[in-house]
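Tertiary structure, described
Below, each chain spelled out in residue letters.
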Amino acid sequence: MLTVIIDAVHAMKNILPKNNSHLSRICLWIDDLQKKIYQPQHQSLKQRLRIAIEQLGNKTIETSLAVINDLEQIAQNHPQYHWIIMQILTTFVRENSLYIPQEEVTSNLKEKLSADIQAALTVIARRDVNKDPKNEQLDLSHTDMRGANLNKANLKHTNLYQANLAGANLREANLAGAILSAANLEGANLYLANLEGAILSAANLEGANLEGANLHRASLYLARLNGAIFKDAILDGANLRETKFSE
């Protein structure tokens, strides 16, 4: 309706004298109305993002869960904020689930993530990848994600350098081209996972389930594979140089 009124006013401007005071007042009213209708919506989104950044991780888990849900809704409904929100969430995970070097912690394969970290990872994992900008990379390096549920997660080309994913569920996850150098994947479930071209140099895959996984052209240089399951795994073109299958 507003568009029709605006078009009518523009048409009148071509007909009525340019010094018509009534028309001038109408034009000013229209301009003011446009600002009141369109500007608050844009400002409210920016405000929601600002509040989210302030509250995420600084309040209760319940607050963080509500903020994460709100961020996902914004990302879905406003594509221009999609990547910014993914960066907010990956930063939240990195800062609130700090990496603990493998030599300083006994791997607990039953470790369970806090609900807000898991929720953030779930949003990242199921995002619309078609909205990701080209040549950009998710950064989840140096994070402790033991026991994370990343079933069917899309983590293609993600930076997971030195991430602790011991006992994580990565069943059917897309990790093609991902950087998993020095990552801890002990006991992780990688059944049917796509690891094509992934970099797993010096990664710990002891006891991991790689049944049916695609490791075409993956780098497993110096990786530890003691007790790992490779039934029906695709290993053609994979770099297995100095890989450790037993102690």
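For the structure, see preceding data.
Residues numbered from 1 in each chain as written. Predicted model: local features only at pLDDT ≥ 70, side-chain atom pairs only at ≥ 80, totals over all residues. Heavy atoms only, no water.

Points about the overall build of the protein
The criterion, for reference: Numbering of helices and strands runs from the N terminus, with a helix taken as a DSSP run of H or I at least four residues long and a strand as a DSSP run of E at least two residues long. Exposure is judged per residue with a 1.4 Å probe applied to protein chains only, and the accessible area is read against the type maximum: over 50% gives exposed, under 20% gives buried, and values in between give partly exposed. The method behind every accessible area is Shrake-Rupley, applied with a 1.4 Å probe, and residues are considered shielded solely by the protein chains displayed.
Helix and strand counts for the protein come out as five helices and zero strands. What you see in the protein, going N to C, is helices and strands ordered as α-α-α-α-α. Residues classed as buried in the protein amount to 42% of the 247 residues present. For the protein, the exposed area adds up to about 13,500 Å²; of that, 51% sits on carbon and sulfur atoms.

Brief notes about the packing of helix α4 (residues 82–96) against helix α5 (residues 115–125)
Note the threshold: In this analysis an axis means a line fitted to C-alpha atoms, helices contributing only their contacting stretch, and an angle means the value between N-to-C directions, from 0 to 180 degrees. Helix crossings get a hand from a simple test, with the near helix turned counterclockwise from the far one by less than a right angle marking a left-handed crossing and a clockwise turn marking a right-handed one. When checking whether two residues touch, look at their non-hydrogen atoms; a contact exists if any pair is within 4.5 Å.
At a minimum axis distance of 10 Å, the contact between α4 and α5 shows a crossing angle of 145 degrees. Considering how the two elements wind past one another, α4 and α5 form a crossing that is left-handed. Counted together, Met86, Leu89, Thr90, Phe92, Val93 and Asn96 of α4 and Asp116, Ile117, Ala120, Leu121, Val123 and Ile124 of α5 form the full contact between these two elements.

Some thoughts on the environment of Ala120
Tracing the sequence through the fold places Ala120 in helix α5. With 49 residues separating them in the primary sequence, Ala120 and Leu71 have C-alpha atoms 9.7 Å apart. Residue contacts for Ala120: discarding those within four places in its chain leaves Ile68, Leu89, Phe92 and Val93.

With respect to the environment of Ile85
With respect to the helices and strands, Ile85 occurs in helix α4. Remark: the alpha-carbon pair of Ile85 and Ala75, spanning 10 residues in sequence, is separated by 6.5 Å. Filtering out sequence-adjacent residues up to four positions away, Ile85 remains in contact with Leu49, Leu71, Ile74 and Ala75.

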